[in-house]
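# Structural overview for review
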Amino acid sequence: MKFRNFKMVGYVVYGRGSFNQLDEILAPQRKGDAPMIFLVDHFFDGKPLLNRIPVRGKDKVILADVTYEPKTTQVDALAKQLKEEFGTVSGIIGIGGGSTMDLAKAVGLMMNNPGSSADYQGWDLVKVPGVYKVGIPTLSGTGAEVSRTTVLTGPTRKLGMNSDFTPFDQIVLDPELTANAPANQRFYTGMDCYIHCIESLEGTYLNEFSKSYGEKALQLCQKVFVEKDTWDDTCDDMLMMASYAGGMSIAYSQVGVAHAVSYGLSYLLGTKHGIGNCIVMNHLEEYYPAGVKEFKYMVEKNQIEIPTGICKGLSDEQFNKMMDVSLGMKPLWENALGADWEKIMTRDKLRALYEKL
């Protein structure tokens, strides 16, 4: 196929308080007494949001431990547990940040697909639609609410289940849910969006579709993290739309160096995606000079601490594992550096970059 036939999210509701409509949104999707399963970020344990979830009948709320990003073993265990308990479910609703939404997408797919989620790490390997899936972000920036992937750490690699069956059937974008997020976490996740934009807009895959979304998302990130001096409701509104547009901008293009290098950190050290991107972006002047300069300004202005020295003392074997994972992200490198990327990003050069982190 000459042009990519891009699968988008089925339905989108946006607005402050739109979470209150969840019950009526889910009602037509219920199949008999098969339950809706709410996977909720463990951050909300004991918080008021749990009491607002519209539980009916056999519905179940599961607090998802997303201290670390989702692993294929976690996905498989959850899908197995739900199949044994209920046989089938009406749907999976992910409420939380990118990790929780990715977990929900993956479990939704594995309810109907055989084997392990590790079997589907790659591009277009999922052949059967999953159950009904809803994404409700409580942090803005990852773009997980609109992406056709679910990023998972498997036994041998960190790679998503990239497929037309992965996107959510419904997303609920309610900026009220992102209020009171921890400032550091909000920044790291917001920077994931900012870095999406820089990598997409400066990549070789760029086209007007990606550019239109990427430019808008970048503008919103700059308003929030560069121009505004105090955090308010408008910041939450703008960052939620930046996340959506940033996710759309990479749908028809790709991300680049920061994401490719960050994947290696995440696989070996368990570094969370947003903070991993920030750690790497700090050292990418060679590839994104203007973006890195502005990034460093935002870090300073918002008084955020970016960890350093995380690769200190690693063995050759550990460096090699990170490099294997990173260099396996071929579309990302090609978008960043062009068709001859392997001549530019040699193992020696990548090793030197990891050593700086």
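What comes next concerns the included structure. None of the values given here were measured: they were computed from a predicted structure.

### What about the overall build of the protein?
For the protein, the count of helices and strands is 13 helices and nine strands. Expected size for 357 residues packed as a compact globule is a radius of gyration near 21 Å; at 20 Å, the protein falls within 12% of this value. Counting only C-alpha atoms, the protein reaches 55 × 45 × 45 Å along its principal axes. Residues counted as buried form 56% of the 357 residues belonging to the protein. For the protein, the proportion of contacts with a sequence separation of at least 24, taken over those separated by at least 6, is 77%. When the accessible area of the protein is evaluated, it comes to approximately 15,000 Å², of which 51% is carbon and sulfur surface. Side chains of the protein carry 37 positive and 43 negative charges; the gap between the two charge centres is 3 Å.

### Focus: the sheet that holds strand β9 (residues 170-173)
Across the sheet, which stays open at both edges, the six strands sit in the order β1-β9-β6-β4-β2-β3 with parallel pairing between neighbours. Edge positions in the open sheet fall to β1 (11-14) and β3 (60-64), since each of these has one partner strand only. Across this sheet, the average inter-strand angle for adjacent strands is 15 degrees, counted without regard to direction. When β1 meets β9, the two strands line up parallel, connected through four bridges. Among the inter-strand pairings, Val 13 is bridged to a residue of β9, identified as Val 172. Those strands touched by helix α3 (residues 98-110) are β2 (36-41), β3, β4 (91-96) and β6 (132-137), and its axis lies near 170 degrees from that of β4.

### Notes on the nonpolar core
Grouped together as the largest cluster of nonpolar side chains are 62 residues, with contacts concentrated most on Leu 284, Trp 333 and Tyr 354. The element best represented in this core is helix α4 (residues 183-201), accounting for eight residues. In contact with Tyr 354, other than residues within four places in its own chain, are Ala 260, Val 261, Gly 264, Leu 265, Cys 311, Phe 319, Met 322, Met 323 and Ser 326.

### Focus: unusual backbone geometry
For Asn 180, which is not a glycine, the phi torsion comes out positive at approximately 65 degrees. Positive phi outside glycine occurs at Gln 303, with the angle close to 55 degrees. Tracing the chain through its elements places Gln 303 in the loop between α9 (289-301) and α10 (316-327).

### Some details on the sheet that holds strand β8 (residues 158-162)
Strand order in this open sheet of three strands is β5-β8-β7, and the pairing throughout is mixed. Of all the strands in the sheet, just β5 (122-123) and β7 (151-153) have a single pairing partner and so form its edges. Pairing of β5 with β8, which is carried by two bridges, proceeds in the parallel orientation. Among the inter-strand pairings, Trp 123 is bridged to a residue of β8, identified as Asn 162.

### Observations concerning helix α5 (residues 208-227)
An ideal rise of 1.5 Å per residue puts 28 Å on 20 residues; α5 measures up with 26 Å between its terminal C-alpha atoms. Among all positions of α5, only Ser 210, Gly 214, Ala 217, Leu 218, Leu 220, Cys 221, Val 224 and Phe 225 are buried. Looking down the long axis of α5, one finds its buried residues gathered within 170 degrees of arc, a one-sided arrangement. Seen from the open side of α5, the exposed residues pointing more than 90 degrees away from its buried face are Glu 208 and Glu 227. Structurally, α5 contributes buried residues whose contacts are with α4, α6 (233-251) and α9.

### Looking at empty space enclosed by the protein
For the structure shown, the criterion picks out one cavity of 30 Å³ or more. Taken as a whole, the largest cavity encloses approximately 50 Å³ of empty space. Within the lining of the largest cavity, the residues separate by chemical class into four nonpolar, three polar and two charged.

### Looking at α6
In a regular helix each residue adds 1.5 Å, so 19 residues correspond to 27 Å; α6 covers 28 Å between its end C-alpha atoms and thus fits that length. Of all 19 residues making up α6, 15 are buried, and the element is well covered by its neighbours. Residue Asp 232 occupies the N-cap position of α6, its side-chain oxygen lying 3.1 Å from the main-chain nitrogen of Thr 234.

### Structural notes on the layout of surface pockets
Reported here for the second largest pocket is a volume of approximately 190 Å³. Along the walls of the second largest pocket sit Ala 183, Arg 186, Phe 187, Val 224, Lys 228, Asp 229, Thr 230, Trp 231, Lys 301, Asn 302 and Ile 304, which together make up its complete lining. Among the elements that make up the lining of the second largest pocket, the one with the highest residue count is α4 (three residues). Broken down by class, the residue content of the lining of the second largest pocket amounts to five nonpolar, two polar and four charged.

Thresholds, definitions, all that
- Residues numbered from 1 in each chain as written.
- Predicted model: local features only at pLDDT ≥ 70, side-chain atom pairs only at ≥ 80, totals over all residues.
- Heavy atoms only, no water.
- Helix = DSSP H or I, 4+ residues; strand = E, 2+ residues; numbered from the N terminus.
- Rg over C-alpha atoms; globule rule 2.2 N^0.38 Å.
- Buried < 20%, exposed > 50% of the residue type's maximum accessible area, 1.4 Å probe, protein only.
- Contact = heavy atoms within 4.5 Å.
- Areas by Shrake-Rupley, 256 points an atom, 1.4 Å probe, with all protein chains shown as cover.
- Lys, Arg positive; Asp, Glu negative; His and termini not counted.
- Charge placed at Lys NZ, Arg CZ, Asp CG, Glu CD.
- Pairing = 2+ DSSP bridges.
- Axes fitted to C-alpha atoms, helices over the stretch in contact; angles between N-to-C directions.
- Core = buried A, V, L, I, M, F, W, Y, C linked by side-chain atoms within 4.5 Å.
- Expected span 1.5 Å × (residues − 1).
- Arc of directions from axis to C-beta.
- 1 Å grid on protein atoms, 1.4 Å probe; cavity = no way out; pocket = protein on both sides within 12 Å on 5 of 7 lines; lining within 4 Å.
- Points joined across faces, edges and corners; volume = space filled by probe spheres on them.
- Nonpolar A, V, L, I, M, F, W, Y, C, P; charged D, E, K, R; others polar.
- Polar contact = N/O pair within 3.5 Å; in protein donor to acceptor, adjacent residues only side chain to side chain.

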